[in-house]
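Examination of the molecular architecture
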Amino acid sequence: MRVLDCLKVLSFGVGLALSFPPGASALDGEQVWQRCIGAATAPDNRVSACTSVIDAKTETGRKLAAAYCNRGHGLTEKRELDRALADLDEAIRLDPAYACAHTNRGRVYAFKRDLDRAMADYDEALRIDPTFALAYNNRGDAWVGKGDADRALADFSAAIKYDPALAIAYGNRGYLYYRKRDMAHAIEDYSMQIRLRPDVLAYINRGNAWRYSEQLDRAAADYAEVIKLAPEDARGWRNRGMIRLYKGDNRGGLTDYDKAVQYDPADVYSWNNRGQAKLRLGDKAGAIADFRKALELRPDLSTARASLQQLGAKP
């Protein structure tokens, strides 16, 4: 599950009345403002730019609130949550009707696992703007945290209603459908998420839904997309390796698990499953070594222990 940040501000004038060093132009002030509010600005740069806006002491009202809100966002991304909270408190003090600031503060509370306060902020954001899709998405995540899947599903659906292009809301709703074992709807939502904004997690999730639905070729295709997008992410390799073993392609499975343990040597299941691939290919010594490695990482892994016993080898 993921909660979204909010960088939405009102359209303000083109210039900021900042104090500039000798030789600087007013255009520099606009560039600073755009770095403060820009969606693509890196967190460190956002914090620096918004600090310049705040320290100039020339802005008031919503614009000053936006500078605090966006600096709070940058600090949240840096996981400096207490400082972020202070900035978002100030943004809300300056402009209590600023729905975006309430949503961002709710996000900080969510990261702090204070779901009641997070939900209170999302509720306030939605009272201010009942069509605010990000707030619905984030409140849905809070409902998941509270164990209320039905309310979460309703909020993710509302987020999609008010912003049909909000990719992560489809992903979050797909996750709930997956948990409910409603694979048809899960696949539909993950497919929409991929259509709007493809990423590694979306392909993994849809691949898992295909696998659960026993559509193994489609699952393998999605895991292959993960490998293409993130070749050093072990999840694509180990998931596709599992499909290959299911289908009896032991050599292909072994190749994938070689990559999986290379990129995530702490994954016990990759060692266990690579041991199974080696065993099927007649490499008894290699299988024993991998099962022992799996047990070293997780001594209670019964499948690895049983495999060693079957091979007449000590753990």
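Residues numbered from 1 in each chain as written. Predicted model: local features only at pLDDT ≥ 70, side-chain atom pairs only at ≥ 80, totals over all residues. Heavy atoms only, no water.

**Quick word on the packing of aromatic side chains**
Aromatic ring pairs are defined here through the distance separating the ring centres and the angle between the ring planes. All told, the structure shown has two aromatic pairs when counted by the stated rule. A centroid spacing of 5.6 Å and a plane angle of 15° characterise the contact between Tyr-136 and Tyr-162, whose relative ring orientation is stacked. Taken together, the residues span a long stretch of sequence, with Tyr-136 in helix 7 (residues 133-145) and Tyr-162 in helix 8 (residues 149-162) at a distance of 26 residues. Residue class for Tyr-162 comes out partly exposed when judged on its relative accessible area of 35%. With a centroid separation of 6.4 Å and 65° between ring planes, the pair formed by Tyr-178 and Tyr-212 is classed as edge-to-face. Pair noted here: Tyr-178 is in helix 9 (residues 167-179) and Tyr-212 is in helix 11 (residues 200-212), with a separation of 34 residues, a long-range link. In this structure Tyr-212 comes out as partly exposed when scored by relative accessible area, which is 44%. In this arrangement the basic side chain of Arg-79 is found over the ring face of Phe-111, its NZ or CZ atom lying 4.0 Å from the centre. Stacked on the ring of Trp-237, the Lys or Arg Lys-259 has its end atom at 5.8 Å from the ring centre. (Phe/Tyr/Trp six-rings, centres within 6.5 Å; stacked < 30°, edge-to-face > 60°. Helix = DSSP H or I, 4+ residues; strand = E, 2+ residues; numbered from the N terminus. Buried < 20%, exposed > 50% of the residue type's maximum accessible area, 1.4 Å probe, protein only. Lys NZ or Arg CZ within 6 Å of the ring centre and 35° of its normal.)

**Description of the side chain of Arg-240**
As for its position among the elements, Arg-240 is in helix 13 (residues 234-246). Note on Arg-240: relative accessible area 15%, which makes it buried.

**Let's talk about the state of the cysteines**
In the structure shown here, the tally under the stated rule is one disulfide. Across the disulfide from Cys-36 sits Cys-50; the S-S distance is 2.0 Å. Handedness of the Cys-36-Cys-50 disulfide follows from its S-S torsion of about 100°: it is right-handed. Of this pair, Cys-36 sits in helix 1 (residues 26-37) while Cys-50 sits in helix 2 (residues 43-55), and the two are 14 residues apart along the sequence. Judged on exposure class, the residue Cys-36 and its partner Cys-50 are both buried. Among the cysteines around Cys-69, which has no disulfide bond, Cys-100 carries the closest sulfur, lying 4.3 Å off. (Disulfide = S-S within 2.5 Å.)

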